[in-house]
Amino acid sequence: EYGIREKLMNELETKTLPDGSRIEKGRELVDEILLNMSDPAERRCAYLHLYGVAQACALLALKRGEDVELAVIAGMLHDIYSYANMDSQDHAHKGARMAHQLLASLDLFNKEEINSICTAIYNHSDKSSVHDSLDEILKDADVMQHVLYNPLFEIKGHEQQRFHSLRLEFNLPN
């Protein structure tokens, strides 16, 4: 009995959870916010975009040997400010602050993890600059979701170079 209690206390202190449950907790948080959106069409777009970017983040993180869990969480939260407030003005910077508060409220991530996720969110709209690996995963995943949502749409000018690089990385034809 003492061993079980000690193990549980240790898990609580180190905030270890079964694999993948931090992602699920993040999704629950995002779903709670999105379910409060009054416009069903906007809600649909929000789900498609946030979940799509999160999946693209997972793919890129796996391919590039980076932390998949942090990448997925960054993808899930990257535009949460826009959808929660129906305001896209300066959404990356405002979203980083909102994501910081949300992640801190979960009490599942350490300060370094929260800072990495929030920095990626803060920088994700700056597609022309190169930042650290998680930032780049989020930017590339955002572009992937925009383009793959409907591959017949014209690619936005500020996303063309990134998508060209992604085509080369994934060996896709033009």
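It should be emphasised that the depicted structure is a prediction, and the values quoted were computed from it without experimental measurement. (Residues numbered from 1 in each chain as written. Predicted model: local features only at pLDDT ≥ 70, side-chain atom pairs only at ≥ 80, totals over all residues. Heavy atoms only, no water.)

Chemist: Break down the overall build of the chain for me, citing the residues and quoting the values.
Modeler: Counting secondary structure elements, the chain contains 9 helices and 0 strands. Its helices and strands in sequence order give the chain the pattern α-α-α-α-α-α-α-α-α, from N to C terminus. By residue count, 40% of the 174 residues in the chain fall in the buried class. When contacts within the chain are restricted to residue pairs at least 6 apart in sequence, those whose partners lie at least 24 apart make up 58%. Just so you have it, the chain exposes about 10,300 Å², and 53% of that area is on carbon and sulfur atoms. (Helix = DSSP H or I, 4+ residues; strand = E, 2+ residues; numbered from the N terminus. Buried < 20%, exposed > 50% of the residue type's maximum accessible area, 1.4 Å probe, protein only. Contact = heavy atoms within 4.5 Å. Areas by Shrake-Rupley, 256 points an atom, 1.4 Å probe, with all protein chains shown as cover.)

Chemist: I'd like to hear about the environment of Val-53, residue by residue, with values.
Modeler: Here Val-53 is to be found in helix H3 (residues 40-64). For Val-53, a relative accessible area of 0% translates into the label buried. Separated by 84 residues in sequence, Val-53 and Ile-137 place their C-alpha atoms 9.8 Å apart.

Chemist: Lay out the packing of aromatic side chains in plain terms, naming residues and giving numbers.
Modeler: For the structure shown, the criterion picks out 1 aromatic pair. Aromatic pair Tyr-47 and Tyr-51: ring centres 5.9 Å apart, planes at 35 degrees, arrangement tilted. One end of the pair, Tyr-47, and the other, Tyr-51, are both in helix H3, 4 residues apart, so they sit about a helical turn from each other. Among the residues examined, Tyr-47 registers a relative accessible area of 23% and is labelled partly exposed. (Phe/Tyr/Trp six-rings, centres within 6.5 Å; stacked < 30°, edge-to-face > 60°.)

Chemist: Would you mind going over the pattern of salt bridges in detail, with residue names and values included?
Modeler: Overall, the coordinates contain 12 salt bridges when judged by the stated rule. Salt-bridge contacts for Lys-94 lead to Asp-87; the nearest nitrogen and oxygen are separated by 3.8 Å. Where Glu-136 meets Arg-162, a salt bridge forms, and the shortest distance between an N and an O atom there is 2.8 Å. In this pair, Glu-136 sits in helix H8 (residues 133-149) while Arg-162 sits in helix H9 (residues 157-169), placing the two residues 26 residues apart along the sequence. Of the two residues, Glu-136 and Arg-162, both sit in the buried class. Here the residues in one salt-bridge network are Lys-63, Arg-64, Glu-136, Lys-139, Asp-140, Arg-162 and Glu-169, joined through shared partners. (Salt bridge = Lys/Arg side-chain N within 4 Å of Asp/Glu carboxyl O.)

Chemist: Hey, could you go over the packing of H8 against H9 for me, with residue numbers and the actual values?
Modeler: Look at H8 against H9: their axes get within 10 Å of each other, and the N-to-C directions meet at 95 degrees. Taken together, H8 and H9 sit at an angle that is classed as roughly perpendicular. On H9, the residues touching Glu-136, Lys-139, Asp-140, Val-143, Met-144, His-146 and Val-147 of H8 are Glu-159, Arg-162, Phe-163 and Leu-166. Among the residues making up the contact of H8 with H9, the classes are represented as 5 nonpolar, 1 polar and 5 charged. (Axes fitted to C-alpha atoms, helices over the stretch in contact; angles between N-to-C directions. Parallel < 35°, antiparallel > 145°, perpendicular 65-115°, else oblique. Nonpolar A, V, L, I, M, F, W, Y, C, P; charged D, E, K, R; others polar.)

Chemist: Which residues make up the environment of His-131, and what are the values?
Modeler: Position of His-131 relative to the elements: it lies in the loop between helix H7 (111-123) and H8. Counting along the chain gives 12 residues from His-131 to Thr-119, while the straight-line C-alpha distance between them is 9.5 Å. Separated by 2.6 Å, the side chains of His-131 and Lys-139 make a polar contact. (Polar contact = N/O pair within 3.5 Å; in protein donor to acceptor, adjacent residues only side chain to side chain.)

Chemist: If you had to explain the nonpolar core to someone new, which residues and values would you point to?
Modeler: Judged by nonpolar contacts, the single largest core of 46 residues is most densely connected at Leu-34, Leu-77, Ile-80, Leu-103, Phe-109 and Ile-117. Among the elements of the structure, helix H2 (21-34), H3, helix H4 (68-77), helix H5 (80-85), helix H6 (91-106), H7, H8 and H9 are those that each provide at least two residues to this core. No other element matches H3, which puts 9 residues into this core. Beyond its immediate chain neighbours, meaning those up to four positions away, Ile-117 contacts Leu-70, Ile-73, Ala-74, Leu-103, Phe-109 and Leu-134. (Core = buried A, V, L, I, M, F, W, Y, C linked by side-chain atoms within 4.5 Å.)

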